[in-house]
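Geometric and topological summary
One letter stands for each residue in the lines below.
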Amino acid sequence: MKELLRIENLHASIGGKEILKGVNLVINEGEVHAIMGPNGAGKSTLSAVLTGNPAYEVTAGEVWLKGENLLEMEPEVRARAGVFLSFQYPVEIPGVSMTNFMRTALNEKRAYEGKEPLSAKEFLGLMREKKKLLELPDKLNNRSVNEGFSGGEKKKNEIFQMAMLEPCLAILDETDSGLDIDALRIVAEGVNRLKTPQNASIVITHYQRLLDYIVPDFVHVLADGKIVKTGDKTLALELEEKGYEGLQG
Amino acid sequence: MKVSKGDIFERVFVNEPEVDLQIEQQAGSRVKIVVVNFASGTNRITIEQLGEGCETEIYALAYLHNDEAVTTETHVKHAVGGGTSNQLVKFVLDDHSRGRFIGDLKIVKDAQQTEAHQTNRNLLLSEEAEMRTQPQLEIYADDVKATHGASTGQLDESALFYMQQRGIDKQKARQLLVGAFMKDVLNTISDETLREQLLNTIDGVVE
C-alpha cells in the first residue's frame, strides 16, 4: 500500500497555548481514518495545521504528503497538491458567486497539474454533474459562496466542492454537526462515491453516528493533543457506549 | 440646476478630479448620481427636494493607492415630504491613501413621510490608510423612516483562508474579495457598456 500522508511528532499551538503535543499518524492511499475525541482535544487544530491556517503555529514535528514537506507549502499550494478541508464552519463570501469561485479554484488546480483551463461549457457541465451528486439546486451557480445557505446546504456545498476538486486527501471536520438525518445521508453518500483506491480521508467527528455511513478502516482517539488509542471501527462503538473517560480508565 | 417636475436626471462621473453639483428637485422628479474615483478628487453633491414625492440616489466609490485622497461630501435636504433618498458611499483604501466622507442629511419639520437611507462602508487594505467619516443627521419631522450606518474594516481573514484552502492564491483571493466589495456601487450604473467596463477594470486595478 502506498503512503499518502505521514505525520511525525507534530506539536502546534495557538496564541502561545500548546494544543497538539506530539501527534503521529500514517495514512495510506485508499484508507478512511476517523479521529474522535472530547472537545478541546485538538481535533480541529489538527485539520487547521494540516491545511496551513495562519492562526496556528507548528512548534515541532514534520508532515509529509507523498514524500513532500507539507508544512513548507503555502495553504493554496497544499490545496492544489490535493489536501481538501471540509470546514466545520464554512465561510460566507458575499459578492463572490459560486461559479466564479469554483472556476477560479479548479483552474488554479489544473494549472498546478500542468493542464489547460476548462472552457465555460465544460466547466458548467461539470458543475451540473457534481451538483446532482449532492442533490443541490441549479440556482446555486449565481448565489454568493455560502451566503444565506442553510446549515445543511453549507455542508453539502463543502462536499460538492470536494467533488469538483477531487482531492487525494479529504479532511472532513465535524461534517455531521448540524445535519438532519436526510442531509447526513446525502453528504455521506457523496463522500462514499468520491472514494477511490488512490485517495484517502480523515473524518473528524464527535459522534459514532456519521461512522454508520462512512465506515472507517481505523479509528483514532485524540485526547489532550495526542493519539491515545487506535483501533478498527468497533472502537467507535465502544466509545459511544463507554465514553472517553471509560476508555482512559 | 433644477430638475423639473417629473423629470429624470442621471449622471455618472468617473475619475473627475472635482465634482461640484447643486441640484434642486421639483415634485416627482428622480435624480441618480454615481461617482467613481480611482485617483484623488473632491466631490460635493448638494441636493434639495423642493416638491413632493422626489427620489434621490447617490452612489459613490473610491479605490485609492499610494498617497491619493478623496473627499466626498453629500448634502441632502428634504424640504418637502413624501420623498425618498438613498446613499451608498464606499471607500477602499490601500497604502497611505486617505478617504473622507461628510454626509449631511436634513429632514425639515414639515417633510413628513420621508424615507432616507445613508450607508457608508469602508475597507482598509493597509495599516497606514486612513478613513474619516462624519455623518451629520438633522431630522426635525416625526413621521419619517431614516436609517444611517457607517463601518470601516479590513478584509475578512477567514474568507481569505477559505479561498486559499480551495487553491486560490492569496493575491487572487484578495482581488475577488475587494471586487465583491466594490461591485454593488458599480452595479447601480444604468449604462451597461460603462458598467461592464468598470467591472472589468476593478479586476485589473486590484494588485
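Residues numbered from 1 in each chain as written. Chains lettered and ligands numbered in written order. Predicted model: local features only at pLDDT ≥ 70, side-chain atom pairs only at ≥ 80, totals over all residues. Heavy atoms only, no water.

Residue and element names in this part refer to chain B. Along the polypeptide, Phe 101 turns up in strand E9 (residues 98–107). Judged by its relative accessible area of 0%, Phe 101 falls in the buried class. Once the C-alpha coordinates of Phe 101 and Val 31 are considered, the two residues, 70 residues apart in sequence, prove to be 20 Å apart. When neighbours within four sequence positions are excluded, Phe 101 is seen to be in contact with Thr 72, Thr 74, Gln 87, Val 89, Phe 91, Gln 118, Asn 120, Met 131, Arg 132, Thr 133 and Gln 134. (Helix = DSSP H or I, 4+ residues; strand = E, 2+ residues; numbered from the N terminus. Buried < 20%, exposed > 50% of the residue type's maximum accessible area, 1.4 Å probe, protein only. Contact = heavy atoms within 4.5 Å.)

Of note, Glu192(B) is situated in helix H3 (residues 192–205). Along the backbone, Glu192(B) and Gln112(B) are 80 residues apart, and their C-alpha atoms lie at a distance of 36 Å.

It is worth spelling out the packing of helix H3 (residues 98–112) of chain A against helix H4 (residues 120–133) of chain A at this point. Residues and elements named next belong to chain A. In the contact formed by H3 and H4, the axes pass within 11 Å of each other and the chain directions differ by 110°. Taken together, H3 and H4 sit at an angle that is classed as roughly perpendicular. On H4, the residues touching Thr 99, Met 102, Arg 103 and Leu 106 of H3 are Ala 120, Phe 123, Leu 124, Leu 126 and Met 127. Grouping the constituent residues of the contact of H3 with H4 by class yields seven nonpolar, one polar and one charged. (Axes fitted to C-alpha atoms, helices over the stretch in contact; angles between N-to-C directions. Parallel < 35°, antiparallel > 145°, perpendicular 65-115°, else oblique. Nonpolar A, V, L, I, M, F, W, Y, C, P; charged D, E, K, R; others polar.)

Looking now at helix H6 (residues 181–193) of chain A. Residues separated by three or four positions in an α-helix point in the same direction, a consequence of the helix having 3.6 residues per turn. All names here are of chain A. For H6, built from 13 residues, the straight-helix expectation of 18 Å at 1.5 Å per residue is met to within 8% by its first-to-last C-alpha distance of 18 Å. Considered for burial, the residues of H6 that qualify are Ala 183, Leu 184, Ile 186, Val 187, Ala 188, Gly 190 and Val 191. Along its buried surface, H6 packs onto H4, helix H5 (151–165) and strand E9 (169–173). For H6, the N-terminal cap is Asp 180; the gap from its side-chain oxygen to the backbone nitrogen of Asp 182 is 3.1 Å. (Expected span 1.5 Å × (residues − 1). Polar contact = N/O pair within 3.5 Å; in protein donor to acceptor, adjacent residues only side chain to side chain.)

All names here are of chain B. Here we have six strands laid out as an open sheet, ordered E2-E4-E6-E8-E10-E12, and parallel in their pairing. The open sheet has two edge strands with one neighbour each: strand E2 (8–14) and strand E12 (145–153). Recorded for the sheet is a direction-independent mean angle of 5° between the axes of neighbouring strands. Note: strand E4 (residues 30–37) against strand E6 (residues 55–64), eight bridges, orientation parallel. In the sheet register, Val 34 faces E6, and the bridge partner there is Tyr 59. Set on the sheet, helix H2 (residues 170–186) makes contact with E4, E6, strand E8 (84–93) and strand E10 (115–124); between it and E8 the angle comes to about 150°. (Pairing = 2+ DSSP bridges.)

Bringing H3(A) into the picture now. Residue and element names in this part refer to chain A. Along its 15 residues, H3 runs 21 Å from first to last C-alpha, staying within 8% of the 21 Å computed at 1.5 Å per residue. Those residues of H3 that sit buried are Met 98, Thr 99, Phe 101, Met 102, Thr 104, Ala 105, Leu 106, Glu 108 and Lys 109. Looking one or two places after H3, you find Gly 114, whose phi comes out positive at around 75°.

The next thing to look at is the sheet that holds strand E5 (residues 41–49) of chain B. Residues and elements named next belong to chain B. Overall, parallel pairing links the six strands, which are arranged E1-E3-E5-E7-E9-E11 in an open sheet. Each edge of the sheet is formed by a strand with only one pairing partner; in this case those strands are strand E1 (2–3) and strand E11 (130–139). Bridge analysis of E9 against E11 gives 10 bridges, and the strand direction is parallel. Counterpart to Asp 104 in the pairing with E11 is Gln 136.

Okay, the pattern of salt bridges next. Throughout the structure, instances matching the rule amount to 20 salt bridges over all chains. Bridged by salt links that share partners, the residues Glu3(A), Arg6(A) and Glu8(A) form one connected network. (Salt bridge = Lys/Arg side-chain N within 4 Å of Asp/Glu carboxyl O.)

Evaluated as defined, the whole model comprises three aromatic pairs over all chains. The interplanar angle of 55° and the centroid separation of 4.8 Å between the aromatic rings of Phe87(A) and Tyr162(B) together place this pair among those described as tilted. Remark: Tyr162(B) occurs in helix H1 (residues 157–164) and Phe87(A) occurs in the loop between strand E6 (83–86) and strand E7 (93–97); the pair is interchain, linking two chains. Look at Phe87(A) and you get buried, because its relative accessible area is 9%. For the ring pair Phe101(A) and Tyr162(B), a centre distance of 5.9 Å and an interplane angle of 10° mean the geometry is stacked. Placement of Phe101(A) in helix H3 and of Tyr162(B) in helix H1 is noted, with the two residues assigned to different chains. For the pair formed by Phe101(A) and Tyr162(B), the shared burial category is buried. A network of ring pairs unites the aromatic residues Phe87(A), Phe101(A), Phe161(B) and Tyr162(B) as a single cluster. Its end group placed over the ring of Tyr162(B), Arg166(B) keeps NZ or CZ at 4.8 Å from the ring centre. (Phe/Tyr/Trp six-rings, centres within 6.5 Å; stacked < 30°, edge-to-face > 60°. Lys NZ or Arg CZ within 6 Å of the ring centre and 35° of its normal.)

So, about the interface of chain A and chain B. Between chain A and chain B, the contact holds 28 residues from the first and 18 residues from the second. Buried surface at the junction of chain A and chain B, both sides included, amounts to about 1,900 Å², of which 64% is carbon and sulfur. For the chain A face of the interface with chain B, the top three residues by lost area are Glu76(A), Phe87(A) and Val91(A), together amounting to 25%. At the junction of chain A and chain B, the tally comes to one salt bridge. Of the charged contacts in the structure, one is a salt bridge between Glu158(A) and Arg166(B), with a shortest N-O distance of 2.6 Å. Here chain A and chain B share 12 residue pairs in polar contact (both at pLDDT 80 or more) between them. Among the secondary structure elements, those contributing two or more residues to the side of chain A that touches chain B are helix H2 (75–80), E6, E7, H3 and H5 of chain A. Here the residues of the side of chain A that touches chain B sort into 16 nonpolar, eight polar and four charged. (Buried area = accessible area lost by both parts, 1.4 Å probe.)

As far as function goes, none of this settles anything; it's purely spatial.
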